[in-house]
Amino acid sequence: GNHTQPKFILLGIIDTPWAQAPLFGLFLLIYIVTLAGNVGLMVLVWVAPSLHTPMYFFLAHLSLADICYSTVISPKMLTDLLFGDKTISWAGCMTQFHLFALFVTAECHLLAAMAYDRHMAICHPLLYVTAASPRACWQLVAWSYLVASLSALVYTSCTFGGSFCGPRRVDHFFCDAGPVLRLVCSDTRGSEAAVFALATANGLGTGAVILLSYGRILHTILGMHSVPGRARAFHTCASHLVSVSVFYGTLFFMYLQPASRHGSRDKVASVFYTVVSPMLNPFIYSLRNREVKTALGKCRRRM
């Protein structure tokens, strides 16, 4: 069953011919900004000694995850918009979904690790040196990728483990679990339940850590006596929460709703966490910080 038809057809974001060129230009610009912003942040963290801290260690890995899963999606989407050849092999479709699931899940756990790091730094500064040691930071990153790798294996096996028959027209701009499972001829209730349960565990588990951490941070900030320091810390946390809300809100909309409620709005929601969020993260999490601006200024003077 899996090899009777060797290719899938991605129907794309929109089938209107006149909209293909404007969308190509827009998404190409977003992808270039995503690569420039995230690669630039990683290089800056690497070369600037002042940024060799746990916070920027996690930010560098977050940028790596953004680059990886954006690259898994965007080049194929841009090629489809430019040339109109929307076919993808069965192996290519499975690989795209597997890598996407791996890096998106890793990003969820990295965001949780970053929230925990900020919680310890602001709420328990005396314990922060021990809690955020280099070994502890590497363990959190390794745990993020380990859980993501195991989760991606389950997602992929559940999504592509059935028998496909008939036209393989994926109603999406990339190979995602829901649109692919709708093409499976055999019973998919068990696979859908497994994907839903694991997505719920990853999403709600990491989301709870983030909400609890930032809740404690806001409680501590409100107790500060310095009004400028309180305003600055609150502004930073608010911008972080906006980014997290966009990322998790669209993920929850996509993966934590019944299959019968999926529709054309899924593509719009998917654009936010596959294309827009990787572009915004470097600016929201880093370029608004005084430490990053100072490090950028030093690098410019050296150059």
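Each chain has its residues counted from 1, running along the sequence as written. Totals for whole chains, interfaces and linings use every residue, but because this is a predicted model, local features are given only for residues with pLDDT of at least 70 and side-chain atom pairs only at 80 or more, for both listing and counting. Based on all heavy atoms of the structure, the side-chain values leave hydrogens and waters out of the count.

(A) Looking closely at the nonpolar core. Working definition of a nonpolar core: buried Ala, Val, Leu, Ile, Met, Phe, Trp, Tyr and Cys residues. They are joined through side-chain atoms within 4.5 Å. Relative accessibility under 20% of the residue-type maximum defines a buried residue, over 50% an exposed one, and the middle range a partly exposed one, all with a 1.4 Å probe and only protein chains included. Residues Phe8, Phe27, Phe100 and Phe247 are the most contacted members of the largest nonpolar core, which totals 84 residues. When residues in this core are grouped by element, the largest group, 17 residues, is from helix H3 (residues 90-123). Only heavy atoms matter for contacts: two residues are in contact if any of them lie within 4.5 Å across the pair. In contact with Phe27, other than residues within four places in its own chain, are Ile13, Met77, Leu78, Leu81, Val271 and Val275. Secondary structure is summarised from DSSP: a helix means a run of H or I of at least four residues, a strand means a run of E of at least two, and numbering begins at the N terminus for each.

(B) Inspection of the packing of helix H2 (residues 54-83) against H3 at higher detail. At a closest axis distance of 9 Å, the pairing of H2 and H3 adopts a crossing angle of 160°. In terms of orientation, H2 lies roughly antiparallel with respect to H3. The hand of the H2/H3 crossing is left-handed. For the contact of H2 with H3, the class distribution of residues is 18 nonpolar, two polar and five charged. Inter-axis angles, ranging from 0 to 180 degrees, are taken between N-to-C directions of lines fitted to C-alpha atoms, where helices are fitted over the stretch in contact. Here roughly perpendicular refers to angles of 65 to 115 degrees, roughly parallel to angles under 35, roughly antiparallel to angles over 145, and oblique to all remaining angles. By the definition used in this description, the sense in which the near helix is turned from the far one sets the handedness, with an anticlockwise turn below a right angle giving left-handed and a clockwise turn giving right-handed. We call Asp, Glu, Lys and Arg charged. Ala, Val, Leu, Ile, Met, Phe, Trp, Tyr, Cys and Pro are nonpolar, and the rest, Gly among them, are polar.

(C) Seen up close, the environment of Leu256. Looking at the secondary structure, you find Leu256 in the loop between helix H8 (227-255) and helix H9 (265-287). For Leu256 and Gly203, which are 53 residues apart along the polypeptide, the C-alpha to C-alpha distance reads 8.9 Å. Residue contacts for Leu256: discarding those within four places in its chain leaves Phe196, Ala199, Thr200, Leu204 and Leu251.

(D) Structural view of the UniProt feature "transmembrane region" (unreviewed entry) in the protein chain. UniProt positions are given in the numbering used here, feature names are shortened, and annotations may be inferred rather than shown by experiment. This chain's UniProt record puts "transmembrane region" (unreviewed entry) on residues 23-48, 55-77, 97-116, 136-155, 193-212, 233-256 and 268-287. Taken end to end, residues 55-77 is 100% helix and 0% strand, and its first and last C-alpha atoms sit 33 Å apart. Span residues 136-155 is 100% helix and 0% strand, its end C-alpha atoms 28 Å apart.

(E) Quick look at the pattern of salt bridges. One speaks of a salt bridge when a side-chain nitrogen belonging to Lys or Arg is within 4 Å of a carboxyl oxygen belonging to Asp or Glu. The full count for this structure, using the stated rule, is four salt bridges. Residue Asp80 pairs with Lys76 through a salt bridge whose shortest N-O separation is 3.0 Å. One end of the pair, Asp80, and the other, Lys76, are both in helix H2, four residues apart, so they sit about a helical turn from each other. You'll find Asp80 and Lys76 in the same group, each marked buried. Ionic pairing is found between Asp171 and Lys267, a salt bridge with its closest N-O pair at 3.0 Å.

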